[in-house]
Amino acid sequence: GFVSAALVVATVVGLSLGLYGEISHIEVVAVLVGCSCALDYVVHVLHMYICEQAAHEPIGIETPDTALQVRIARVAFAHKSASRAVIASAGLRTAFALLLSLSSLVLLQSIGRTVALMLLLSAFAALVPLCGALLMTG
């Protein structure tokens, strides 16, 4: 969870400082939304990873006997089970954020575009690096 949130914060802060030389209230909103979603998505994946069914996920091996095979089965189950929920949630939230960018107010346009980018980054951070970390460490 910490890695996903740190990735979101580092991206927002780095882009803001690199492009504008400062962090404004728009970036603060994007960090709050991005971190909350990143942690929410991580909880979905981890919940499926520790689920009792995860250890029995078929991965082409009759009975997983090594710790790596059990981790592979658990990660496969977690990714398969939680990725639909994560992608659907990120997609819906991104669509609403993009609706803000259609507003006639410049502030809402900026918030909409920034939050939409952070939501997509949050979903990516929860699905890719987290599953890799679970495979390596369990």
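## With respect to the overall build of the protein chain
Scanning the protein chain from terminus to terminus reveals four helices and zero strands. When the helices and strands of the protein chain are listed from N to C terminus, the series reads α-α-α-α. Relative to its full complement of 138 residues, the protein chain shows a buried share of 38%. Split by element, the accessible area of the protein chain, about 7,800 Å² in all, is 72% carbon and sulfur.

## Brief notes about the nonpolar core
Counting residues in hydrophobic clusters, the biggest one holds 22 residues, and the most contacted among them are Tyr41, Val45 and Leu134. Of all elements in the fold, only helix H2 (25-50), helix H3 (67-100) and helix H4 (106-137) reach the threshold of two or more residues within this core. Here this core gets ten residues from one element, more than from any other, and that element is H4. In this structure valine 45 touches Ala78, Ala82, Ala126, Leu127, Leu130, Cys131 and Leu134, once residues within four positions along its chain are discounted.

## Overview of the confidence of the model for the protein chain
Mean pLDDT for the protein chain: 76, with 84% of residues reaching 70 or above. Between the elements of the protein chain, mean pLDDT differs from a low of 71, seen in helix H1 (residues 2-20), to a high of 80, seen in H3.

## Considering the packing of aromatic side chains
Using the criterion set out here, one finds zero aromatic pairs in the structure. Over the face of the ring belonging to tyrosine 49 we find arginine 74, whose NZ or CZ atom lies 5.9 Å from the ring centre.

## Quick look at the packing of H2 against H4
At a closest axis distance of 8 Å, the pairing of H2 and H4 adopts a crossing angle of 30°. Relative to H4, the element H2 is oriented roughly parallel. Crossing angle aside, the handedness with which H2 passes H4 is right-handed. Across the contact of H2 with H4, the residue classes tally to 22 nonpolar, five polar and no charged.

Reading guide: rules and limits
Starting afresh in each chain, residues are numbered from 1 along the sequence in its written order. Side-chain atom pairs in this predicted model are given and counted only at pLDDT of 80 or more, local residue features only at pLDDT of at least 70, and totals for whole chains, interfaces and linings cover all residues. Side-chain metrics rest on all non-hydrogen atoms present in the structure, leaving aside hydrogens and water. Helical segments are the DSSP runs of H or I of at least four residues, strand segments are the runs of E of at least two, and each set is numbered from the N terminus. Only protein chains enter the accessibility calculation, which uses a 1.4 Å probe; a residue is then buried when its area is under 20% of its type maximum, exposed when over 50%, and partly exposed in between. Note on areas: these come from Shrake-Rupley sampling with a 1.4 Å probe, and a residue is covered only by the protein chains present in the view. Residues belong to one nonpolar core when they are buried, are Ala, Val, Leu, Ile, Met, Phe, Trp, Tyr or Cys, and are joined through side-chain atoms within 4.5 Å. For this analysis, residues touch if any pair of their heavy atoms sits within 4.5 Å. Confidence scores per residue from the predictor, reported as pLDDT, run from 0 to 100. Planes of paired rings set the category: under 30 degrees apart is stacked, over 60 is edge-to-face and the rest tilted, where pairs are Phe, Tyr or Trp rings (Trp by its six-membered ring) whose centres lie within 6.5 Å. Only when the NZ of Lys or the CZ of Arg is both within 6 Å of the ring centre and within 35 degrees of the ring normal is a charge said to sit over the ring. Note on method: axes are straight lines fitted to C-alpha atoms, helices fitted across the in-contact stretch only, with angles between N-to-C directions ranging 0 to 180 degrees. For classification, angles of less than 35 degrees are called roughly parallel, those exceeding 145 degrees roughly antiparallel, those between 65 and 115 degrees roughly perpendicular, and all remaining angles oblique. In this scheme, a crossing is called left-handed if the near helix is turned counterclockwise away from the far one by less than a right angle; it is called right-handed if the turn is clockwise. Only Asp, Glu, Lys and Arg are considered charged in this grouping, and only Ala, Val, Leu, Ile, Met, Phe, Trp, Tyr, Cys and Pro are considered nonpolar; every other residue, Gly among them, is considered polar.

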